[in-house]
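A structural walkthrough
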Amino acid sequence: MEELIAKTAELISKSKHAVALTGAGMSTESGISDFRGPNGIWTKNPEAERQAYQSYYKFQQNPKQYWIERMTGTSWLGDLINALPNPGHFALAELEKMALLKSVITQNIDNLHQKAGSLRVLDYHGNVSLLRCFSCDARFDPAEFELARLLAEDRLPPLCRKCNGVLKSDIVHFNEAIPADVARESQAEVGKCDLMLICGTSAVVHPFALLPRMAKQYQSKKKTIIIEINAEPTPLTEEGISDYLIQGKTGMILPKIVEEVKKRTSKPISGCEISNCHCLLDEK
Ligand code: APR
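Scope of this entry: the structure provided in the associated data block. Everything numeric in this text was worked out from a predicted model, so none of it was measured.

Mapping V205 onto the fold places it in the loop between β7 (195-199) and α9 (210-222). Sequence-distant contacts of V205, that is, excluding residues within four places in its chain, are made with R36, Q107 and H125.

Turning to the pattern of salt bridges, a few remarks are in order. The full count for this structure, using the stated rule, is 23 salt bridges. For the salt bridge of E176 with K168, the shortest nitrogen-to-oxygen distance reads 3.0 Å. This pair shows no difference in class: E176 is buried, exactly as K168 is. In this structure, a network of salt bridges that share partners links the residues R132, D137, R139, K168, D170, E176 and D181.

This next bit is on the packing of helix α3 (residues 46-61) against helix α4 (residues 63-72). Between α3 and α4, the least distance of the axes is 5 Å, while the angle of their chain directions is 130°. Taken together, the axes of α3 and α4 are oblique relative to one another. Every residue of α4 that contacts α3 at S55, K58, F59, Q60 and Q61 is listed here: P63, Y66 and E69. Looking at side-chain class alone, the contact of α3 with α4 contains 3 nonpolar, 3 polar and 2 charged residues.

Okay, unusual backbone geometry next. The bulk of non-glycine residues show a negative phi, and the bulk of peptide bonds are trans. Residues L156 and P157 are joined by a peptide bond in cis, for which omega reads 0°. Tracing the chain through its elements places P157 in the loop between α7 (147-152) and β6 (167-169). Between H206 and P207 the backbone carries a cis peptide bond, its omega angle lying at 5°. Here P207 lies in the loop between β7 and α9. A positive phi angle, close to 70°, is found at N111, a residue other than glycine.

Let us look at the site of the ligand. Looking at the ligand, there are 24 residues lining it, with E29, F35, R36, T201 and S202 nearest. In the environment of the ligand, an oxygen atom lies 2.6 Å from a nitrogen or oxygen atom belonging to the side chain of S202. Here a nitrogen atom of the ligand sits 3.0 Å away from a polar atom, N or O, in the main chain of A231. Considering the ligand on its own, with 730 Å² of exposed area, one finds that the protein chains cover 94% of that surface. Per-class residue counts for the shell around the ligand are 7 nonpolar, 12 polar and 5 charged.

Bringing the sheet that holds strand β2 (residues 103-106) into the picture now. As summarised here, the arrangement of the 6 strands in space is β3-β2-β1-β7-β8-β9, forming an open sheet in which the pairing is parallel. At either end of the open sheet lies a strand with only one pairing partner, and these are β3 (121-123) and β9 (244-247). Within this sheet the neighbouring strands show an average axis-to-axis angle of 20°, counted without direction. Direction of pairing for β2 relative to β3: parallel, over a ladder of 3 bridges. Bridge assignment links T106 to a residue of β3, and that residue is D123. Here α9 sits on the sheet in contact with β1 (18-22), β2, β7 and β8 (225-230), set at roughly 150° to β8. Contacts from helix α11 (residues 250-265) reach β7, β8 and β9 within the one sheet, and its direction differs from that of β8 by about 135°.

This structure, assessed with the given rule, holds 0 disulfides. Note on C163: no disulfide assigned, nearest cysteine sulfur contributed by C133 at a separation of 3.5 Å. Looking at C163, the relative accessible area reads 37%, which means it is partly exposed.

Definitions and cut-offs
Residues numbered from 1 in each chain as written. Predicted model: local features only at pLDDT ≥ 70, side-chain atom pairs only at ≥ 80, totals over all residues. Heavy atoms only, no water. Helix = DSSP H or I, 4+ residues; strand = E, 2+ residues; numbered from the N terminus. Contact = heavy atoms within 4.5 Å. Salt bridge = Lys/Arg side-chain N within 4 Å of Asp/Glu carboxyl O. Buried < 20%, exposed > 50% of the residue type's maximum accessible area, 1.4 Å probe, protein only. Axes fitted to C-alpha atoms, helices over the stretch in contact; angles between N-to-C directions. Parallel < 35°, antiparallel > 145°, perpendicular 65-115°, else oblique. Nonpolar A, V, L, I, M, F, W, Y, C, P; charged D, E, K, R; others polar. Near = heavy atom within 4 Å. Polar contact = N/O pair within 3.5 Å; in protein donor to acceptor, adjacent residues only side chain to side chain. Areas by Shrake-Rupley, 256 points an atom, 1.4 Å probe, with all protein chains shown as cover. Pairing = 2+ DSSP bridges. Disulfide = S-S within 2.5 Å.

Note that all results are geometric; they support no functional claim without further evidence.
Structure representation (structure tokens):
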């Protein structure tokens, strides 16, 4: 593993447009269950997955009832709002600060990449901390809508401030289209990337799972390297879409990669590169 970590660090430090694609495996070390791992939400409760497939249909049939159930019922989401980022999230944020990671395209709705300091995050499956207009895709902070009062006064669903359309959670439900802006920007990132880190995803849910395959297609033109960091092999591993898999925990592997990158990108202190510079080294 150490050799693959060193190799990945070398590739990152030389990349021109590295992109990270992430899934629920990034957040298990923050106490948020994944879906299809050994202790996954769907693994342990297939009924919850069947219910989740109904959410979008329920919203379309009766937005008011969708909102009442969302505000009064229990949800498989659990307490995402108070979850905290783990070293894997911070590692990706640090690579962005070093200008070595250009974007994160995440399937996770937990907002943990943003909480860790990542600025360029594309929430491919939406974000639990936002509402989105079903008509115009405008996004809002739920705090702007006094939702408890709307419930008490039987005035749900909340309406869009821009077009008066019906608002829903920004979470992209099964069978719901990926918001056009996110889909477009994600495809643009994949088209530009020369290095793709795929972290903590089983890579079975489409259309997200198509993004690595798109990158692979570009590989013939611009040698895009695709690296998986995951607890187990995935279809991307088995189909040879990824060039290699670093098998293990993202919260342990990603920080090690960042440490190796730092060794490769910090300026050597012996000898100063600026001609006739009177740096401290000369005075010794
Ligand atoms: N480090 C690395 N990999 C991990 C870790 C970890 N700490 N914990 C779990 N994993 C791996 C699991 O072994 C699994 O292969 O991460 C992967 C998570 O896969 P899923 O649970 O399927 O999650 P994800 O790929 O994000 O699911 C995609 O499915 O239900 C929908 O909308 C939901 O966005 C979700 C989508």
